[in-house]
Amino acid sequence: MKKIFSNGEFCMGCGLCEVYCIAQHSKSKDILKAYKREYPRPISRIRLEEKRPLSLAVQCRHCEEPPCVDACLSGAMHKDEETGIVVHDDGKCMGCWTCIMVCPFGAIRMDPLNRKVVAKCDLCPGLEVPVCVANCPNEALVYREVET
Amino acid sequence: MVEYVIIGGSAGGVGAVEAIREVDPAGAITVISEEPFPQYSRPMIADFLSGETPFEKMTYRDGKFWERNGVHALLGRKAVGLDLTKRQVRLDDGDEVAFEKLLIATGGRPFIPGIEGTEKKGVFTFTTLSDAEALAEMTNGVEKAIVIGGGLIGVGATEALVKREVEVTMVELKDKVLSLILDAAASDIVEKVIKKAGVTVVTGQTVKRIVGRRDDDASVGGAVLTNGEEAPCDVVIVAIGVIPRTELVAGTEIKVNRGILVDRFMRTNVPDVYACGDVAEAYDFIWGENRPLPLWPVAHLGGRVAGYNMVGVKKEYPGGTAMSALKYLDLPIISVGLTNPDGGTYETMIKYAPEKDVYKKIVLKDDLIVGMILVNEIEKAGIVFHLMKNRINVEGFGHELLSDDFGLITLPENLRRMLLGD
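None of these values were measured; they are calculated from a predicted model.

### Some details on the overall build of chain B
Summing up its helical and strand segments, chain B has nine helices and 26 strands in all. Its C-alpha atoms give chain B principal-axis dimensions of about 65 × 60 × 40 Å. Here chain B holds 422 residues, and the buried ones make up 47% of them. Put simply, 62% of the contacts in chain B that link residues at least 6 apart link residues at least 24 apart.

Have a look at this one:
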């Protein structure tokens, strides 16, 4: 499967990954509309961490043995056997936050649109390349094939 | 073809089936479950009782999990005896099921203390779907409930009843609610939120006696507290905790302490017999010893590890610990490990913003994290959990664990690179 890798050495901390992630997961999929007209604004599933001069963008790593899947109380979090993607099913999520407790990357967030469920990177279904990678100006985010 | 038998069809049983099937698609798996339903998520019974979650949403896997995995599921059947010499499980109807590899995942049962009157109609426990169904039926139009116990089960039941517009009094023997997993400051925040929802919280008391109705002594009419006060109510929920359900192995050579003792491979002292979940007493990575941990994710993980070892893939159980994520009354809380240490060898860091009800606490011992409580700001919990679980020394960056911009970037470079795999 393909995974996103984050190279802190090339990251400038511009935050465009978060901006595009928010837009992609908004209703309109349009940056201006998502930022200006959608309340509450959708959450970014990628987190830009900064500790100058370092910066780094983090999102779900779609682990080989995902602790979130093991810990999930409702069965909402599961690993798609074919694609290897760790998928979160909103409809099944009970919002218990157990996955947040065990994710080593802190990559799962409470969805402010609906505090009853979590949100995480879904690798932008339907797109060839996730929007955070496609719009990273310095190629700090790379989408590449890994052996599973 | 190996014959696997699993007693218990909840988190542990499901985890074991998944692990066995990853390696052995052909072996015969029999699951014996007392509950007549498809497998479901027990932690969701509070949402079921509150009316927010229909049963269809509670299936832990899909509704056809047993069928899809070629499991011979004996649902609504009870294992009543074990013959470890003949390698058979005896069922309630006298049938015998032969095993080559056995997993005991019978779970826990609610602890009911010696309170007078618990046999009356209207007294419930709250751990299974049947409990929730019975309570849902009973609390239609019912006005007052008393919940005995301010722990995880008690608070969950209380919230569900409040949502059903039942007037609830929660009675907790300790001075604080959730005292097993929170410290006083975090508990106070929870108590404030519970009270705001309209619940009467009584601490330092318990129920001494459940009394009948004036017109019907066989039905609950009220409860007498230890201080002698009598509170009227229509239902009583006993939510004091669960104890390992070990009666099946009583009188056998399987070693039991509080729960069935298992090693790091989930093996009991009897060859080919494994145990996991609430019935077991397995390794706790913070306590450094075995102890019962009646928690869903711990049961599932234990089941998986047992499954791998049953099928011949040697897999070590990393251990569990006290770990709870709470969502009660929309107050997100995460509590892991030793959160309330006594003695002077622990170092405690606290960050408290009362105006936002944000409370964060980390407990350290010799530069290892041994406990954490996070209230309202919980999203970085997993990074701390990872450091705890892997016993990573935090010397040099431990002081940053509670800072607002704490993240992977706070970790030393080699640690971060190892974690991110680049």
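What follows continues from the structure just given.
### Observations concerning the environment of Arg61 of chain A
All names here are of chain A. Structurally, Arg61 can be placed in the loop between strand S3 (54-58) and helix H3 (67-71). Along the backbone, Arg61 and Val86 are 25 residues apart, and their C-alpha atoms lie at a distance of 8.6 Å. The residues touching Arg61, leaving out its near neighbours within four places in the chain, are Lys3, Phe105 and Ala107.

### As for the domain arrangement of chain B
Residues and elements named next belong to chain B. Partitioning chain B into structural domains gives domain 1 (3-109 + 244-310), domain 2 (123-240) and domain 3 (332-420). Summarising the inter-unit geometry, the C-alpha centres of domain 2 and domain 3 are found 33 Å apart. At the interface, six residues of domain 2 touch 10 residues of domain 3. Taken together, the residues of the side of domain 2 that touches domain 3 sort by class into five nonpolar, no polar and one charged.

### Things to note about the sheet that holds strand S15 (residues 230-232) of chain B
Residues and elements named next belong to chain B. Sheet architecture is open: three strands sit in the order S13-S14-S15, paired in antiparallel fashion. Strand pairing shows two members of the sheet lacking a second neighbour, strand S13 (207-212) and S15, which therefore form its edges. Mean inter-strand twist for the sheet, computed between neighbouring axes without regard to direction, equals 25 degrees. As defined by bridge partners, S13 adjoins strand S14 (residues 220-225) across five bridges and the pair is classed as antiparallel. Pairing of Ile210 across the sheet is with Ala223, part of S14.

### Considerations on the confidence of the model for chain B
For chain B, the average pLDDT comes to 96, and 100% of its residues sit at 70 or higher. Across the whole predicted complex the pTM is 0.95, and at the interface the ipTM reaches 0.96.

### Some points on the nonpolar core
Judged by nonpolar contacts, the single largest core of 170 residues is most densely connected at Met101 of chain A together with Leu103, Ile104, Val236 and Ile237 of chain B. Among the elements that make up this core, the one with the highest residue count is helix H7 (residues 296-310) of chain B (eight residues).

### Details of the sheet that holds strand S21 (residues 289-291) of chain B
An order of S18-S20-S21 (chain B) is seen for the three strands of this open sheet, with the pairing classed as mixed. Both outer strands of the open sheet, strand S18 (260-261) and S21 of chain B, are each paired with one neighbouring strand and no more.

### A look at helix H6 (residues 184-196) of chain B
All names here are of chain B. Along its 13 residues, H6 runs 18 Å from first to last C-alpha, staying within 8% of the 18 Å computed at 1.5 Å per residue. Of the positions making up H6, those classed as buried are Ala186, Ser187, Val190, Glu191 and Ile194. Down the axis of H6, the buried set is contained in an arc of 140 degrees. They therefore lie on one face. Relative to its buried face, H6 has exposed residues pointing more than 90 degrees away, namely Lys192, Lys195 and Lys196. As for H6, its buried residues are in contact with helix H5 (152-163), strand S11 (167-172), strand S12 (200-203), strand S23 (333-337), strand S25 (358-365) and strand S26 (368-375). Immediately downstream of H6, the backbone of Gly198 shows phi near 100 degrees, a positive value.

Cut-offs applied
Residues numbered from 1 in each chain as written. Chains lettered and ligands numbered in written order. Predicted model: local features only at pLDDT ≥ 70, side-chain atom pairs only at ≥ 80, totals over all residues. Helix = DSSP H or I, 4+ residues; strand = E, 2+ residues; numbered from the N terminus. Buried ≥ 20, exposed ≤ 12 C-beta atoms within 10 Å, placed from the backbone. Contact = placed C-beta atoms within 7 Å. Domains from an automatic or database assignment. Nonpolar A, V, L, I, M, F, W, Y, C, P; charged D, E, K, R; others polar. Pairing = 2+ DSSP bridges. Axes fitted to C-alpha atoms, helices over the stretch in contact; angles between N-to-C directions. pLDDT = per-residue confidence, 0-100. Core = buried A, V, L, I, M, F, W, Y, C linked by C-beta atoms within 7 Å. Expected span 1.5 Å × (residues − 1). Arc of directions from axis to C-beta.

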